[in-house]
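For reference, the chains in residue letters:
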Amino acid sequence: MKLLRGTFIGLFCLAVGFLEVWQPLPAQAQGAAQATGKPALYEFGAGYCASCKDMEKIMAELKTTHSDQVELRLVYVDKEKPLFDQYKIMLIPTQVFLDTQGKEVDRHIGPLTKEEVLKKLKELKFIR
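For the structure given in this document, a descriptive report is provided here. Only a predicted model underlies this, so the values are computations on that prediction, with no experimental measurement involved.

### Quick look at the environment of L98
Now for step 1: The residue L98 is located in strand β3 (residues 94-98) in this model.
Now for step 2: Considering only alpha carbons, one finds L98 and L41, 57 residues apart in sequence, at a separation of 6.3 Å.

### Let's talk about a nonpolar patch on the surface
Now for step 1: A cluster of nonpolar residues, M90, L91 and I109, forms a patch on the protein surface that exposes about 370 Å² of accessible area.
Now for step 2: On the secondary structure map, M90 appears in the loop between α3 (81-86) and β3.

### Regarding unusual backbone geometry
Now for step 1: I92 connects to P93 through a cis peptide bond whose omega is -5°.
Now for step 2: With respect to the helices and strands, P93 occurs in the loop between α3 and β3.
Now for step 3: Look at K88: it is not a glycine, yet its phi comes out positive at around 55°.
Now for step 4: When you line up the elements, K88 lands in the loop between α3 and β3.
Now for step 5: Its relative accessible area of 62% is what places K88 among the exposed residues.
Now for step 6: Backbone geometry places K125, a non-glycine residue, at a positive phi of 60°.
Now for step 7: With respect to the helices and strands, K125 occurs in the segment after α4 (114-123).

### Focus on α4
Now for step 1: Those residues of α4 lying buried are V117, L118 and L121. In an axial view of α4, the angular spread of the buried residues amounts to 95°, which keeps them on one side of the axis. Exposed residues lying more than 90 degrees from the buried face of α4 are E115 and K119.

### Let's talk about the packing of aromatic side chains
Now for step 1: One pass over the structure, following the stated rule, counts five aromatic pairs.
Now for step 2: With centroids separated by 6.1 Å and ring planes inclined at 75°, the aromatic side chains of Y42 and Y87 adopt a geometry described as edge-to-face. You can see Y42 sitting in strand β1 (residues 40-45) and its partner Y87 sitting in the loop between α3 and β3, a full 45 residues away along the chain. Both residues of the pair, Y42 and Y87, count as buried.
Now for step 3: Plain terms: the ring middles of F44 and F84 are 5.1 Å apart, the flat faces sit at 90° to each other, and that makes the pair edge-to-face. Of this pair, F44 sits in strand β1 while F84 is found in helix α3, placing the two residues 40 residues apart along the sequence.
Now for step 4: A residue is classified by how much of its surface remains accessible, and F84, at 5% relative accessible area, is buried.
Now for step 5: One aromatic cluster in this structure is built from Y42, F44, F84 and Y87.
Now for step 6: We note R73 situated over the ring of Y42; from NZ or CZ to the ring centre the distance is 5.2 Å.

Quick notes on the rules
Residues numbered from 1 in each chain as written. Predicted model: local features only at pLDDT ≥ 70, side-chain atom pairs only at ≥ 80, totals over all residues. Heavy atoms only, no water. Helix = DSSP H or I, 4+ residues; strand = E, 2+ residues; numbered from the N terminus. Patch = residues over 30% accessible without salt bridge, like charges linked within 9 Å, V, L, I, M, F, W, Y side chains within 5 Å. Areas by Shrake-Rupley, 256 points an atom, 1.4 Å probe, with all protein chains shown as cover. Salt bridge = Lys/Arg side-chain N within 4 Å of Asp/Glu carboxyl O. Buried < 20%, exposed > 50% of the residue type's maximum accessible area, 1.4 Å probe, protein only. Arc of directions from axis to C-beta. Phe/Tyr/Trp six-rings, centres within 6.5 Å; stacked < 30°, edge-to-face > 60°. Lys NZ or Arg CZ within 6 Å of the ring centre and 35° of its normal.

Keep in mind these numbers describe shape, not what the thing actually does.
See below:
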């Protein structure tokens, strides 16, 4: 009985240690937000989602006109899962607004129109 209990405790400690070592810290997560000096809008989605594809078009348009003021980034679940975990994304599309230090200041779940995105960016003083 003692041998069984000792084996169980040993395996438990080994599993916890393994998870602790392999779990990335938020700052080390792949593609984690960095303080770029510009605020950012991360669009979380997937390539198979119709609303996400609409948001992709909007983000492309905004990149041509506002990329000098704000970082606009598409984040797809099949390509950047660690960021989905880091920002605790549960539904797509989700937009996460980050300040110049990379701190989340606002979030929206669901699709937005181009006008709604521009309005939110202006409200947050991300663009002029």
